[in-house]
Every structure is written in C-alpha cells, then in structure tokens.
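# Report on the structure
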Amino acid sequence: MTKQTRLLRDENERSADLLPTPDEHIFKKITTYIRTAPINAYQQESLRRDILQMLLDAEAHGQTAEAVIGADYRAFCDSVIAEVPPLTRRERCLYGLRGALLTAYFLIAYWLIPIFGRLPQSWPMMPVTTGNLVGAALVILIMITLSLFTRYFSHNPLTQLYSSSMKVRLLFLPWFLLYLIASAFLRTTVFSVNFPAAVAVLAMLLLLHRWIDRQTD
C-alpha cells in the first residue's frame, strides 16, 4: 500500500468516528462491500472518503444514512463503483505476482526459522525435508484455493483483500501451523540448500514484494 493510500485510509478511519452509531454501522458495511470491488486500494479509499463526506453532510442536516443512500447499500455501492475504472490487466498481473512472492517469502521464512538451531552442525548447507515439501504443498494449495474463491465471489485479487482485511489474513494461520507440524514430524532430508543463498533470496523477495506493493496502489 502506498503512503498516499495509507494516509487517506487513516483519515477515513478518523472521520468515520464522527458519525452517529447507526450511520457508522452502515458505513462499516459499505466499507466491507467496497473492499471486494475490482478497483485498486487508492480508488477504494477515495470512494470511502466521498461516501463518508456525504454521510457527514447529511448528518449535519439532520438526515440519516439510509435517507441518503437508500435501503439497499449494496445497490448504492454498485452504482458508485461502476463509475470507477476497474483493475487493468497489468494491475491484475502485479497483484498475482505479489501473491506468489508473498507465498514464496513465507515458505522460505518458515523453513528457515526451525533450522537456526542446527546451523553449527551443517553450515552452510541446510536440509529441505519431506515435511517442508508437504507443508509447502499445503500452503500453495490453500493459496490457489483462496485465490479462486475470492476471485469468484469478489472479483478481486486475494492479495488486495489480504492487505485490507485482518479476517482474510487469519485464514492463512491454520495452514502455516500445519506447515510447521509437518516440518516437525516429517524430517527425512530430500535435498540441501545453501543457507546464505536462501537468506539472500528471502531479502530479494521482500524487496520485490515491497516494490510491487507501491506499484499496485
């Protein structure tokens, strides 16, 4: 997420606290719905800002949120989202690449964490076990499944939802726990990897992920 998008999101969060409780509840529903729109994060926050200003102006004139947007907030959101250009093919490709990099980054990180204690015995080569491979297959499988699931129901890249929703992030937790369990019990070495090279790759993936993050929002 770019600095500009982050600042706009933080401003929206502060301004939303000024709404009366019933209107704030509706605005939260609107926010959740906009998060699933196939537009980039900055456009999402811009829509939130405009809608929030509408609600604040209405509240100042003694009107409720429902009086301004109607009884069906989804229909209202669809009408304003339709005015915003959807994600381009380039943006979708970048989101997909970001998701792949994020997966690779976590897989390498979770592989490195348990083996720090064995560094003195096998330096500089570190083992890749059957548990690592089984766990990696599980994580990749759930990433693909969640990507298809979110694309079908929200028409939005998984990594964009990952960035904006803590609930989506928590979906990954049990699968990474399974990865750690598989790594702990299935310890037959399949091949070995140079440890400094793995750390260098990890750093490169993180930098590339951050660069793409700036390009997509």
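The paragraphs below set out a description of the structure included in this document. (Residues numbered from 1 in each chain as written. Predicted model: local features only at pLDDT ≥ 70, side-chain atom pairs only at ≥ 80, totals over all residues. Heavy atoms only, no water.)

Over its 14 residues, helix H1 (residues 3-16) extends 20 Å from the first C-alpha to the last, a length consistent with the 20 Å expected when each residue adds 1.5 Å. Considered for burial, the residues of H1 that qualify are Thr5, Leu8, Asn12 and Ala16. For H1, the angular spread of buried residues about the axis comes to 70°, placing them on one side. For H1, exposure combined with an orientation more than 90 degrees from the buried face picks out Lys3, Leu7 and Arg14. (Helix = DSSP H or I, 4+ residues; strand = E, 2+ residues; numbered from the N terminus. Expected span 1.5 Å × (residues − 1). Buried < 20%, exposed > 50% of the residue type's maximum accessible area, 1.4 Å probe, protein only. Arc of directions from axis to C-beta.)

In this section: the packing of helix H3 (residues 41-60) against helix H5 (residues 73-81). Two quantities define a packed helix pair, namely the angle between the helix axes and the distance between the axes. Relative to each other, H3 and H5 sit at 125°, their axes nearing to 11 Å. Relative to H5, H3 is oriented oblique. Note on packing geometry: the crossing formed by H3 with H5 is right-handed. Together, Leu47, Ile51 and Met54 of H3 and Phe76, Val80 and Ile81 of H5 make up the contact between the two elements. Class assignment of the residues belonging to the contact of H3 with H5 gives a composition of 6 nonpolar, no polar and no charged. (Axes fitted to C-alpha atoms, helices over the stretch in contact; angles between N-to-C directions. Parallel < 35°, antiparallel > 145°, perpendicular 65-115°, else oblique. Left-handed = near helix turned anticlockwise from the far one by under 90°. Contact = heavy atoms within 4.5 Å. Nonpolar A, V, L, I, M, F, W, Y, C, P; charged D, E, K, R; others polar.)

Relative orientation of the contacting elements helix H2 (residues 21-35) and H5 amounts to 45°, with a least axis distance of 10 Å. The orientation of H2 relative to H5 falls into the category oblique. You can see that H2 and H5 cross each other, and the crossing is right-handed. Residues Lys29, Ile30, Tyr33 and Ile34 of H2 pack against Tyr73, Arg74, Cys77, Asp78 and Ile81 of H5.

Attention shifts here to the environment of alanine 65. Within the element layout of this structure, alanine 65 appears in helix H4 (residues 65-69). You can call alanine 65 buried: its relative accessible area is 1%. Separated by 43 residues in the primary sequence, alanine 65 and proline 22 place their C-alpha atoms 8.1 Å from one another. Aside from chain neighbours lying at most four places away, what touches alanine 65 is Asp23, Ile26, Leu55 and Gly70.

Attention shifts here to the packing of aromatic side chains. Tallying each qualifying case throughout the model produces 1 aromatic pair. Aromatic pair tyrosine 33 and tyrosine 73: ring centres 6.3 Å apart, planes at 85°, arrangement edge-to-face. With tyrosine 33 in helix H2 and tyrosine 73 in helix H5, the pair connects residues that are 40 residues apart, well separated along the chain. The class of tyrosine 73 is buried, set by a relative accessible area of 15%. (Phe/Tyr/Trp six-rings, centres within 6.5 Å; stacked < 30°, edge-to-face > 60°.)

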